[in-house]
Structures are given as structure tokens and as C-alpha cells.
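Descriptive analysis of the structure
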Amino acid sequence: YDYLKAGDYGDTAVKNGDYDFTFGEIGKKIGEIVDAGAMPFTFGGDHGITLPIVTELAKRHPKRVGVIHFDAHLDNYDGYGDDVYARCSPFFHMYQDPNMDPTKIVHLGIRGPRNHRKELQNAKDFGATVITAMEVRENGWKAAITKALEVAAKDVDELYISICSDVLDAAFMPQGPQDMGGLTSYDMLMMLRECGKAGATGFDFVEIYPDAYSLQTASHVGCWFALYTLNGIAAKKAE
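Described below are features of the structure shown in this document. (Residues numbered from 1 in each chain as written. Predicted model: local features only at pLDDT ≥ 70, side-chain atom pairs only at ≥ 80, totals over all residues. Heavy atoms only, no water.)

1. Quick look at the overall build of the chain
So the rule is basically this: Only DSSP runs of H or I with at least four residues qualify as helices, and only runs of E with at least two residues qualify as strands; both kinds are numbered from the N terminus onward. Based on C-alpha atoms, the radius of gyration is set beside the globule rule, defined as 2.2 Å times the residue count to the power 0.38. Each residue is placed in one exposure class: buried if its accessible area under a 1.4 Å probe, protein chains only, is under 20% of its type's maximum, exposed if it is over 50%, and partly exposed if it falls in between. Residue burial considers only the protein chains on display, and all accessible areas are found by Shrake-Rupley using a 1.4 Å probe. A residue counts as positive if it is Lys or Arg and as negative if it is Asp or Glu; His and the chain ends are not included. Throughout, a charge is located at the NZ atom of Lys, the CZ atom of Arg, the CG atom of Asp or the CD atom of Glu.
Assigned secondary structure in the chain consists of eight helices and six strands. The order of α-helices and β-strands along the chain, N terminus first, is α-β-α-β-α-β-α-β-α-α-β-α-β-α. Taking 18 Å as the expected radius of gyration for a compact globule of 239 residues, we find that the chain reaches 16 Å, a close match to that expectation. Viewed in the frame of its principal axes, the chain has a C-alpha envelope of about 40 × 40 × 35 Å. Considering the chain as a whole, with its 239 residues, one finds that 51% of them fall into the buried category. In the structure as shown, the chain presents an accessible area of about 11700 Å², 52% of it carried by carbon and sulfur atoms. When the 23 basic and 34 acidic side-chain charges of the chain are each reduced to a single mean position, those positions are 5 Å apart.

2. Here we look at the packing of aromatic side chains
What characterises a pair of aromatic rings is the spacing of the ring centres plus the angle enclosed by the ring planes. Just so we agree on the cut-off: Note on ring pairs: Phe, Tyr and Trp rings are taken, using the six-membered ring of Trp, and paired if centres are within 6.5 Å. Classes follow the plane angle, with under 30 degrees stacked, over 60 edge-to-face and the rest tilted. Whether a charge sits over a ring comes down to the Lys NZ or Arg CZ being within 6 Å of the ring centre and within 35 degrees of the ring normal.
If you walk through the whole model with that rule in mind, you get nine aromatic pairs. With a centroid separation of 4.8 Å and an interplanar angle of 10 degrees, the aromatic rings of phenylalanine 41 and phenylalanine 203 are classed as stacked. Of the two residues, phenylalanine 41 sits in strand β1 (residues 41-43) while phenylalanine 203 sits in strand β6 (residues 202-206), which places them 162 residues apart along the sequence. A centroid spacing of 5.7 Å and a plane angle of 80 degrees characterise the contact between phenylalanine 205 and phenylalanine 225, whose relative ring orientation is edge-to-face. Of this pair, phenylalanine 205 sits in strand β6 while phenylalanine 225 sits in helix α8 (residues 217-238), and the two are 20 residues apart along the sequence. When its relative accessible area of 0% is taken as the criterion, phenylalanine 205 is described as buried. A relative accessible area of 1% means that phenylalanine 225 is categorised as buried. Among the aromatic residues, ring-to-ring pairing joins Tyr19, Phe23 and Tyr85 into one connected group. Taking the ring centre of phenylalanine 21 as reference, the NZ or CZ of lysine 15 above it sits at 4.5 Å.

3. Quick look at the environment of methionine 173
Let me state the cut-off plainly: Contacts are assigned to residue pairs with any non-hydrogen atoms lying within 4.5 Å of each other.
Along the chain, methionine 173 falls in the loop between β5 (158-164) and α7 (185-197). A C-alpha to C-alpha distance of 30 Å links methionine 173 and glycine 127, two positions 46 residues apart in sequence. In this structure, methionine 173 is in contact with Ser165, Leu168, Gln178, Tyr209, Thr217, Ala218 and Val221, ignoring residues within four places of it in sequence.

4. Some details on the sheet that holds β1
Keep this limit in mind: At least two DSSP bridges between two strands are required for those strands to pair. Fitted lines through C-alpha atoms serve as axes, helices being fitted only where they are in contact, and the angles separating the N-to-C directions of these axes extend from 0 to 180 degrees.
The six strands lie next to each other as β1-β6-β5-β2-β3-β4, forming an open sheet whose pairing is parallel. If you trace the sheet from one side to the other, it starts and ends with β1 and β4 (129-132), each paired once. Averaged over all pairs of adjacent strands, the angle between strand axes in this sheet comes to 15 degrees, irrespective of strand direction.

5. Observations concerning the pattern of salt bridges
Which entries qualify depends on this criterion: Definition used for salt bridges: Asp or Glu carboxyl oxygen within 4 Å of a side-chain nitrogen of Lys or Arg.
The final tally for this structure, using the stated rule, is nine salt bridges. For lysine 197, the salt bridge identified is with glutamate 194, shortest N-O distance 3.6 Å. Residue lysine 197 and its partner glutamate 194 are both found in helix α7; the two are separated by three residues, about one turn of the helix. For lysine 197, a relative accessible area of 31% translates into the label partly exposed. On the basis of relative accessibility, which here comes to 25%, the residue glutamate 194 falls in the partly exposed class. Taken together, the salt bridges that share partners define one network made up of Asp35, Glu56, Lys59 and Arg60.

6. Digging into the side chain of threonine 184
Put simply, the rule is: Nitrogen and oxygen atoms within 3.5 Å of one another constitute a polar contact, given that in protein one can donate a hydrogen and the other can accept it, and given that sequence-neighbouring residues count only through two side-chain atoms.
Relative to the helices and strands, threonine 184 resides in the loop between β5 and α7. In this structure threonine 184 comes out as buried when scored by relative accessible area, which is 19%. Of the polar contacts made by the side chain of threonine 184, one reaches the backbone nitrogen of aspartate 187; its length is 2.9 Å.

7. Structural notes on the packing of helix α6 (residues 141-152) against α7
This is how it is decided: Helix crossings fall into two classes, left-handed where the near helix is turned counterclockwise from the far one by less than a right angle and right-handed where it is turned clockwise. For this scheme, ten residues count as nonpolar: Ala, Val, Leu, Ile, Met, Phe, Trp, Tyr, Cys and Pro. Four count as charged, namely Asp, Glu, Lys and Arg, and the remainder, Gly too, count as polar.
Two elements in contact, α6 and α7, have axes separated by 10 Å at closest approach and are oriented at 35 degrees. The chirality of how α6 crosses α7 is right-handed. Residues Trp141, Ala144, Ile145 and Leu149 of α6 pack against Tyr186, Asp187, Met190, Met191, Glu194 and Cys195 of α7. Counted by class, the contact of α6 with α7 contains eight nonpolar, no polar and two charged residues.

This is the structure:
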């Protein structure tokens, strides 16, 4: 707080299944935040909420928004059944947004059988970068985030960080789906601090699961991830 001021801007109204209303309300609130010169830090919800946030940023900075997406899953499928805005699809719509450059999107931490084969092909077709959890484990967190920032933070006005809690190995996120082979909490905290130091201007953390065993792990993780990102931003300002 020597370098940053923070405020709670409240909740956003949502209607389950009503994308026009929900996305409209999210976009309106994000627009108010960024137009005031502040950085939005958002907690939700499923990964669908990231689409209206990034859309709002891209309207103001066409082709100059970079995104680092931390997740076990690519979330870039073209839809789920007849639901084209399902939580598995936000990045597919970002790829197609005329104000976005999909080559500035990085998916980091990807792993496991719950990724559809078509999703990897979609990333390749649109030129997005995929860094797997295996690559992070074999080469280290520092090499992984350096590679990601070289793509997403180059020639941009906005560097947006989007995190699904299941990027973490199930051992570090027992409340969530049991996706094994993921990142450690230390990996994530260090990478997020580097994102802050590289100039991150927005953040979301999605899939905060209901209380289980009174641990509330997902909520605590979301707080820690936000704080380490903010610490990196403060460190950049301090320099």
C-alpha cells in the first residue's frame, strides 16, 4: 500500500443462463473501473466471466491486449451442446474478436484428459501459445513465465491475467475437480508476481468452490494469488 490503493467495487448482478444480461452487467462494471484509471481484479464465477471482461478491454485497446490464461483446460472449444458461451468456450470467442490478436494469448498449465482434441487444434489454428503443465515441471516456473511474457506482454497496452483454480494440482486445490499433474501453489505465486512486475493491468480468479471441510481453500488461494500479483505491480512501481 506504499505504492497502490485498493477498493472493493462490489458485486455484479448475474442471471444464470441469461448471457445478454450477465455479460452486459460485467462489461458495464469493468468499463467503469478502467475508465476511472483503475485495474479490475475480479473473483467469480466460471470462466465464462472472462470473455466480457477482456472484450471490454479490447474495445479500448484494439489488438493491444495480451492475455495469460492459467488453467488445466484450454477453454477454447466452440461450445458445449447448444450452449455457445459455455465455460469451456470463452477463449474461442476471444480468438474471433476483431479487437483481439489471438497470437497474444497464452494458455499455461494445460494438462489432462478433460481437454478435447479439437481445443488444441483451435489454439494452433488461431496462433495462440500453449505451455503445458509438463513443460512447467520439466523446465521450471521461471522459464515458463518468461516464455509466456515474451508473447503476451510484447507490444500491448493491457496485460490481463486469467486464472482457473484447477491450474493447481488437486493436492493444492482439494475443493476442486481432481485434476492431477498440475502446478504447485509456489509455482503460481512466483509466476503471478512476475506478471505483476511485467506490467499486469487486470486479473481474474474463477471457480471459487463452496466451503468444504471448513478449509475454504479456493477462497484463500484466490486471495493469495491476487496479493502476489499486486505485490509484483507494486514492485514495478517502486522501481
